[in-house]
Amino acid sequence: MLLPVKENGEPDKSTKNIAISNSIGGYGQGLPECKEAVDTADYNVFRDIAPLAPDCAVMVKELYGDLVAEHLKEVRQSLFPEDEDRKYIAVQFKESFDVEYLPGILDEVAKTTGCTIVFFAAGTAPGHDSFEVYKTV
């Protein structure tokens, strides 16, 4: 648990909550949906303006590799119940990406590599991934 807890595991209510926004990207565009949250946070770290920091996603494997591997087994069983060892390529892109040529390119990649193409959403906040766009591809 990331929140402060007592030795018995209960939340430590004597600790002041603080808001930290980590690995913010695209804020230079001033997305109105995010402005208030970012402006009122106690500390902000950005990917594209100072103060700079790497995207926290790059640390997931190092910090949670075993947990990710555990869940990956479940996901693979769900996606490919007949062949859990099937190779796949995970694809993610934001909703404003020009997808006109993407279906043909991904078909060619799948044929050439023998891999299944799997879409995933890293985040569905405004301006990010879109299930609707994925469905069109």
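You'll find the structure just up there.
### Digging into the overall build of the protein chain
Here comes step 1: Each helix and strand in the protein chain was counted, giving four helices and four strands.
Here comes step 2: The order of helices and strands in the protein chain, counted from the N terminus, is β-α-β-α-β-α-β-α.
Here comes step 3: Every one of the 137 residues in the protein chain was classed for burial, and the buried ones make up 18%.
Here comes step 4: Of the contacts made within the protein chain by residues no fewer than 6 positions apart, 47% connect residues no fewer than 24 positions apart.

### Things to note about the packing of aromatic side chains
Here comes step 1: In this structure the tally under the stated criterion is four aromatic pairs.
Here comes step 2: Ring centres of phenylalanine 93 and phenylalanine 119 lie 6.0 Å apart, and the angle between their planes is 80°; this geometry places the pair in the edge-to-face category. With a gap of 26 residues between them, phenylalanine 93 in the loop between strand 3 (88-91) and helix 3 (102-113) and phenylalanine 119 in strand 4 (residues 116-119) connect regions that are remote in the sequence.
Here comes step 3: Members of the aromatic cluster, connected to one another through ring pairs, are Phe93, Phe119 and Tyr134.

Here is what the cut-offs are and how they apply
Residues numbered from 1 in each chain as written. Predicted model: local features only at pLDDT ≥ 70, side-chain atom pairs only at ≥ 80, totals over all residues. Heavy atoms only, no water. Helix = DSSP H or I, 4+ residues; strand = E, 2+ residues; numbered from the N terminus. Buried < 20%, exposed > 50% of the residue type's maximum accessible area, 1.4 Å probe, protein only. Contact = heavy atoms within 4.5 Å. Phe/Tyr/Trp six-rings, centres within 6.5 Å; stacked < 30°, edge-to-face > 60°.

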